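Each chain, letter by letter, is given below.
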Amino acid sequence: MRALTLRPSSRVARAATALLLGTSLAVVASGATTSADAARWAPADQAKINPGVMMYTAGAQCTGNFVFTDRRDRVYVGYAAHCAGKGEATDTNGCDTASQPLGTKVRFVENGNPGSEGTTVGQGTLAYSSWRTMRAIGTKSNAACSYNDFALVRVTADDVRKVNPSVPFFGGPSGVRQGGFAGGEQIFTVGNSSLRAGVFALQPKTGAVVETHPSGWSHTVYTLSPGIPGDSGSGFLDANGKAFGVLSTVAIAPLPASNGVSDLKRSLEFAQRHSGIAGLRLVRGTVDFAPLV
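Residues numbered from 1 in each chain as written. Predicted model: local features only at pLDDT ≥ 70, side-chain atom pairs only at ≥ 80, totals over all residues. Heavy atoms only, no water.

## Examining the sheet that holds strand β16 (residues 281–282)
Applicable threshold: Two strands form a pair only when DSSP identifies at least two bridges running between them. Secondary structure elements are taken from DSSP: a helix is a run of H or I of four residues or more, a strand is a run of E of two residues or more, and numbering for both begins at the N terminus.
The sheet built from eight strands is open, its strands ordered β4-β3-β7-β8-β9-β6-β5-β16 with antiparallel pairing. Both outer strands of the open sheet, β4 (60–63) and β16, are each paired with one neighbouring strand and no more. Looking at chain direction, strand β3 (residues 54–57) and strand β7 (residues 105–110) are connected through four bridges and run antiparallel. Of the residues in β7, the one forming a bridge with M55 is F108.

Next comes the structure, spelled out in structure tokens:
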């Protein structure tokens, strides 16, 4: 599959002021608090850092997927490993591409657009990168090298109070999906590319899984409007609100305008084995998964 990673630089963003003025699916979610530790988090409708937040790393903008925590109750936001990569847009093999060092500063941002990097609402540091880790341990699996595209940014202690793990518009996640996919299953995602110039209605999208790579490491999906540069790292939910994927690539062929989505279960299990972050786990949303379409 010919593909491009989806990480725009500030220079690319400023050059695309008229991109994507089409339509997408506007969705509203409602639901009661379901998490036992909901009091720990900011109210979902007031949180500044949540799934779908804009994240800037060394001038490149991506989108956060889900919230994670560890045995020491530290808080992380996930995005794509290539968001901290040093390669070109066509570099999709994490075992061959250099990355920013752990500890690199990452900004959580709102209102980023092609003319501005927006307003910083929180800070974090790169705490784990599948790309760096695979290079360090000498991973030889072609599937893992090509499709394991997952990283974690640790939220600074002062900004944890701004976090909520619920996915805007849809609610959830209700856990991590454990099984495979049948073709055509409905999916949900939130993209927050600065190239959309702040058009709120273009963020939530629904679509379907087209196929799964034989290795299980990646899924090909179509959404109402495809993911674009800046959407990289976006989280994907299945029809039961289970988190299953991380937006990684846009395909040129053989399925134009489809997206490649890294499998979250495999990516998270790899991180649990190799990141050195003890007790790493997904945090469930405090709002029930209840998409109204």
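Structure's up, so let's keep going.
## Let's talk about the pairing of strand β8 (residues 119–129)
As judged from the six bridges shared by β7 and β8, these two strands associate in the antiparallel manner. Counted as the bridge partner of F108 is G122 from β8. Alignment of β8 against strand β9 (residues 151–155), held across five bridges, turns out to be antiparallel. Looking at the pairing, L126 lines up with V153 of β9.

## What to know about the nonpolar core
So the rule is basically this: In this text, buried Ala, Val, Leu, Ile, Met, Phe, Trp, Tyr and Cys residues form a nonpolar core when linked through side-chain atoms within 4.5 Å. The buried label applies to any residue whose accessible area, calculated with a 1.4 Å probe on protein chains only, is under 20% of its type's maximum; exposed applies above 50%, and partly exposed to all values in between.
Counting residues in each nonpolar core, the largest one holds 53 residues, and the members touching the most others are F68, Y79, F108 and F150. If you look at the next biggest cluster of nonpolar residues, it comprises eight residues, including F181, V209, L247 and V261.

## Digging into the state of the cysteines
Let me state the cut-off plainly: For the purposes of this analysis, a disulfide is any pair of cysteine sulfur atoms at a distance within 2.5 Å.
Scanning the entire structure with this criterion turns up two disulfides. Linked covalently through their sulfurs, C62 and C83 form a disulfide whose S-S length is 2.1 Å. Taking the sign of the S-S torsion, -100 degrees for the link of C62 and C83, the bridge is left-handed. Within this pair, whereas C62 is found in strand β4, its partner C83 is found in the loop between β6 (75–79) and β7, the two being separated by 21 residues in sequence.

## Overview of the pairing of strand β12 (residues 218–223)
Across a regular strand the side chains alternate sides, sitting on one face of the sheet and then on the other. Taken across its six residues, β12 has five buried, putting it largely inside the fold. Here five bridges tie strand β11 (residues 204–212) to β12, and the two strands are oriented antiparallel to one another. Bridge pairing links T212 to H219 in β12. Adjacent in sequence and paired antiparallel, β11 and β12 are bridged by five residues, among which G216 carries a positive phi angle near 85 degrees. Examined bridge by bridge, β12 and strand β15 (residues 259–263) share four bridges and lie antiparallel to one another. Paired with T220 across the two strands is G260, which belongs to β15.

## Observations concerning empty space enclosed by the protein
Over the atoms a probe the size of a water molecule is rolled, and this reveals where empty space is left. Which entries qualify depends on this criterion: Points on a 1 Å grid over protein atoms alone make up a cavity when a 1.4 Å probe fits among them but cannot get out, and a pocket when they form an open set with protein on both sides within 12 Å along at least five of seven lines; lining residues each have an atom within 4 Å of a point. Grid points are joined across faces, edges and corners, and a volume is the space filled by probe spheres set on the points. Side-chain classes are defined by residue name, with Ala, Val, Leu, Ile, Met, Phe, Trp, Tyr, Cys and Pro counting as nonpolar, Asp, Glu, Lys and Arg as charged, and the others, Gly among them, as polar.
Inspection of every chain in the model, using the stated rule, returns one cavity of 30 Å³ or more. Roughly 40 Å³ of volume is contained in the largest cavity. P51, G52, G64, N65, F66, V167, V190 and G235 together form the lining of the largest cavity. Class assignment of the residues belonging to the lining of the largest cavity gives a composition of four nonpolar, four polar and no charged.

## Digging into unusual backbone geometry
Note the cis peptide between G172 and P173, where omega equals 5 degrees. For A58, which is not a glycine, the phi torsion comes out positive at approximately 50 degrees. Positive phi values are uncommon outside glycine, yet D73 reaches one of about 65 degrees. Mapped onto the secondary structure, D73 falls in the loop between β5 (67–69) and β6.

## As for helix α2 (residues 130–137)
For clarity, the threshold we go by: What the arc measures is the spread of directions leading from the helix axis to the C-beta atoms. Contacts: residue pairs with any heavy atoms within 4.5 Å of one another. Under this definition, polar contacts are N or O atom pairs within 3.5 Å; protein pairs additionally need one hydrogen-donor-capable and one acceptor-capable atom, and for neighbouring residues in sequence, both atoms have to be side-chain atoms.
Buried within α2 we find S130, W131, T133 and M134. Around the axis of α2, the buried residues are gathered within 165 degrees of arc, so they sit on the same side. Tucked inside the fold, the buried residues of α2 contact β8, α3 (142–147) and α4 (264–274). Taking the backbone nitrogen of W131 as reference, a side-chain oxygen 3.2 Å away marks S129 as the first, capping residue of α2. Looking at the residues trailing α2, positive phi occurs at G138, about 75 degrees.

Just geometry here; none of it tells us what the structure is for.
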